[in-house]
Amino acid sequence: MPSKLIGVDVGGTTVKFAIFNVHGDIQDQWSFPTDPLDNGNRVVPDIINSIKHRVQLYDMKLSDFYGVGLDFPGTVTDHGRAVVGAYHLNWETPHAVKQPLEEALGIPVILENDANAAALGENWKGAGNNSANMLMITLGTGIGSGIIAGGKLLTGYLGSAGEIGHICVDPNGFKCSCGNMGCLEEYASATGIVRVAHAKAEEYEGNSKLKAMLDQGEEVSSKTVVDLARDKDYLAEQSLTQSCTYLGTALSYVGNTLNPETMIIGGGVSAAGQFLLNLIEKPLREHLFPTMKTSTQLKLAELGNTAGLIGAASLVLSTIDDSALTTTERIAKQMVL
Ligand SMILES: [Zn+2]
């Protein structure tokens, strides 16, 4: 009888694996570097081999598992069978994943986008507290987001729902990688925060360590901007406030549309902690509809980079028929969407 779940987080640099019990506790974890060579055709066989090897190594059987949930840095398409637009894997066109994995492993396989999986993971075991209405925004190189509304992951017509990073915050602003102008991602992602700092530095003549660093061509990261803002460097404060004002305002648009209970900020930039939340919170509360001003919670993510893995595994649990589960397993299943 199966009793465990496998979660796989397929990233641009690393493929991470974990074995879970039905309560979402990690029992084993491993990873290997992503190999995008050969048009990304090595990724799926590498995942199959790694799972088989690990299962064998610990004297387990594939039939001990309910299934495998995988998340990808791309869009899941073809009715959950393929992934497209995963550029870090060299998967520009749709790449079949579900069928080859199910054929090789003989257990159910479920695919999801990484930002959606992270939202599911945070909701199951992290800051979301199993809310039926929540969203998570991941501030990294880009901005990813996942939205749970009315107890369901919001996917939209083409699976593109929740592109909060591409809400326009300045119609005359920076050009976005998506082709549009002034998307939030260009201002509030890790790279966006640095971009705003560069733009502000060009028109600032006063004293500032950040200005001096940028003028001298020193390497400046979003962490540099945050740390200097914390030290009350004028340009860094102005710059980070601008980024967070755009972010908080964009979140108010989503809030006013969907009325989530909780908004979770994750990703590398969220390491800035409460200092960052305070800067986002002001414009957010200012623009939220009165009934939501105080009731909407803004929180930091709690699971770090395991959120996607946990969310991917939760997808397997949510598809198991209740009749196949013990009472405790059924209770655990009720905790996932
Ligand atoms: Zn965009």
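Structure's up top.
For the structure given in this document, a descriptive report is provided here. None of these values were measured; they are calculated from a predicted model. (Residues numbered from 1 in each chain as written. Predicted model: local features only at pLDDT ≥ 70, side-chain atom pairs only at ≥ 80, totals over all residues. Heavy atoms only, no water.)

Regarding the overall build of the protein chain
So, step 1. Looking only at helices and strands, the protein chain has twelve helices and 13 strands in total.
So, step 2. Since a compact globule built from 337 residues should have a radius of gyration of about 20 Å, the 21 Å found for the protein chain is in line with a globular shape.
So, step 3. Roughly 15400 Å² of accessible area belongs to the protein chain as shown, and the carbon and sulfur atoms make up 50% of that amount.
So, step 4. Within the protein chain, one finds 24 positive and 37 negative side-chain charges whose respective centroids are separated by 4 Å. (Helix = DSSP H or I, 4+ residues; strand = E, 2+ residues; numbered from the N terminus. Rg over C-alpha atoms; globule rule 2.2 N^0.38 Å. Areas by Shrake-Rupley, 256 points an atom, 1.4 Å probe, with all protein chains shown as cover. Lys, Arg positive; Asp, Glu negative; His and termini not counted. Charge placed at Lys NZ, Arg CZ, Asp CG, Glu CD.)

What about the coordination of the zinc ion?
So, step 1. Surrounding the zinc ion are the protein donor atoms His166 (ND1), Cys176 (SG), Cys178 (SG) and Cys183 (SG), at 2.0 to 2.4 Å.
So, step 2. Each donor residue of the zinc ion belongs to the same chain, and together they define the spacing H-x9-C-x1-C-x4-C. Highlighted residues: His166 in the loop between strand 11 (152-153) and helix 4 (185-188) and Cys176 in the loop between strand 11 and helix 4, separated in sequence by ten residues.
So, step 3. Relative accessible area serves as the criterion here: at 4%, Cys176 is assigned to the buried category. (Donors = N, O, S within 2.8 Å, 3.2 Å for Na, K, Ca; no water. Buried < 20%, exposed > 50% of the residue type's maximum accessible area, 1.4 Å probe, protein only.)

What to know about empty space enclosed by the protein
So, step 1. Tallying each qualifying case throughout the model produces two cavities of 30 Å³ or more.
So, step 2. Roughly 30 Å³ of volume is contained in the second largest cavity.
So, step 3. Taken together, Leu139, Ala188, Ile193, Ser243, Cys244, Leu247, Val269 and Leu276 form the lining of the second largest cavity.
So, step 4. Here the lining of the second largest cavity gets three residues from one element, more than from any other, and that element is helix 8 (residues 234-258).
So, step 5. Among the residues forming the lining of the second largest cavity, the class breakdown is seven nonpolar, one polar and no charged. (1 Å grid on protein atoms, 1.4 Å probe; cavity = no way out; pocket = protein on both sides within 12 Å on 5 of 7 lines; lining within 4 Å. Points joined across faces, edges and corners; volume = space filled by probe spheres on them. Nonpolar A, V, L, I, M, F, W, Y, C, P; charged D, E, K, R; others polar.)

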